[in-house]
Amino acid sequence: MNPETREELAGLLPSPGEPVLTSGRHDLLKDHLMRELTGQAPELPAVGTAPGRRARTPRRRFAVVALPLATAAAVVAAVLTGATGSRSATTDADAVALLDRIAEVAAAKQTAPVRDDQYVYVRTQSSMRFAEDDIRILRESSWTAVDGRRAGLRRVTVLVGPPFRPRDPFSSYSRGTHDMRLSPDPNVPTFRELRTLPTDPDALLEKIYAGTKGEGRTRRSAALEKIGDLLPDATLLPELDAALYRAAARIPGVSVVADAKDRTGRTGIGLSFEERDGRTVWVFDRKSLAFLGTADEALLAVGVTDKAGETPAP
């Protein structure tokens, strides 16, 4: 890492004596609206309907985090020698320190009140490949019931794509805005269930390992996949948000990407894990350290509404 980047990262970290701050996002654990494919038509929902989450296909998301600075060196040594289920990986000490600061910032946020009769709102921007010469840019807003007992809403705006054509099997994803019913799925944790997850990083990671047993390419990659799925909703649960970052810090192979961009072109500091296929990069705002998303999917907003279809107040 060059001196300029190291100096910039150092400015984001707490002083040695600064205490760790504490504080007193919905089943949008979502797969793509459909599988990305090459040369085949994806499984499409009927027009006006969006199915619940299917068994997951390989996802774009993973997460990274870190431990308090005083124990960073010990943790790095432990995970490199004690972790099982994957190959050895090297960890960038600068990334560990930076991720610790990200976890501190997450934990310091105020907890927003969320009722069971409300909906968690998440807005993203991504792209989807329908064929080699057909890549569509989608902006998606989703409303999911906090208690998981009511249908939600998925609103997809196709920013780049073909106009509507009669009998087009992809008509639900033609240019324009399309609403689809988002059905409850018993296989996806509700936001209420997220609130019951342990906020101790070690206990949380063990629970994630147990819940993802047999999934993914390796034990580590499956855990990172799950952590990435949880991150958007967890922004509404500061203690869980920080715990997810610190749990992921136990998984080796994290490194800093000095200049990274999310799907909308926003720039920031990136964090990458060796465990992820293609080394998917998570992007964080340089100043606030807020999670911006990845190069494949940008996270634009997270909030809570009383009704599906409403936009949360800023």
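Residues numbered from 1 in each chain as written. Predicted model: local features only at pLDDT ≥ 70, side-chain atom pairs only at ≥ 80, totals over all residues. Heavy atoms only, no water.

Student: Even after reading the chapter, I still don't get the overall build of the chain, so can you show me in this structure?
Tutor: Each helix and strand in the chain was counted, giving 7 helices and 10 strands. Counting over 314 residues, the chain shows a buried share of 51%. Approximately 14200 Å² of the chain is accessible, and the part contributed by carbon and sulfur atoms is 53%. (Helix = DSSP H or I, 4+ residues; strand = E, 2+ residues; numbered from the N terminus. Buried < 20%, exposed > 50% of the residue type's maximum accessible area, 1.4 Å probe, protein only. Areas by Shrake-Rupley, 256 points an atom, 1.4 Å probe, with all protein chains shown as cover.)

Student: Would you mind showing me how to read the pattern of salt bridges here?
Tutor: Working definition: two side chains of opposite charge can pair if their charged atoms are close together. Taken as a whole, this structure holds 13 salt bridges when the rule is applied. Residues Arg154 and Glu140 are paired through a salt bridge, measuring 3.0 Å at the closest nitrogen-oxygen approach. A residue pair is termed long-range when its members are at least 10 positions apart, and Arg154 in strand 4 (residues 152-160) and Glu140 in strand 3 (residues 134-145) qualify at 14 residues. The residues Arg154 and Glu140 share a single accessibility class, namely buried. Members of the salt-bridge network, linked through shared partners, are Arg115, Asp117 and Asp306. (Salt bridge = Lys/Arg side-chain N within 4 Å of Asp/Glu carboxyl O.)

Student: I would appreciate a short explanation of the environment of Arg139 in the present structure.
Tutor: Tracing the chain through its elements places Arg139 in strand 3. Owing to a relative accessible area of 32%, Arg139 belongs among the partly exposed residues under this scheme. For Arg139, the contacting residues outside a window of four places in its chain are Arg123, Thr124, Gln125, Arg155, Val156, Thr157, Leu159 and Leu300. In this structure the side chain of Arg139 is engaged in a polar contact, spanning 2.4 Å, whose partner is the side chain of Gln125. (Contact = heavy atoms within 4.5 Å. Polar contact = N/O pair within 3.5 Å; in protein donor to acceptor, adjacent residues only side chain to side chain.)

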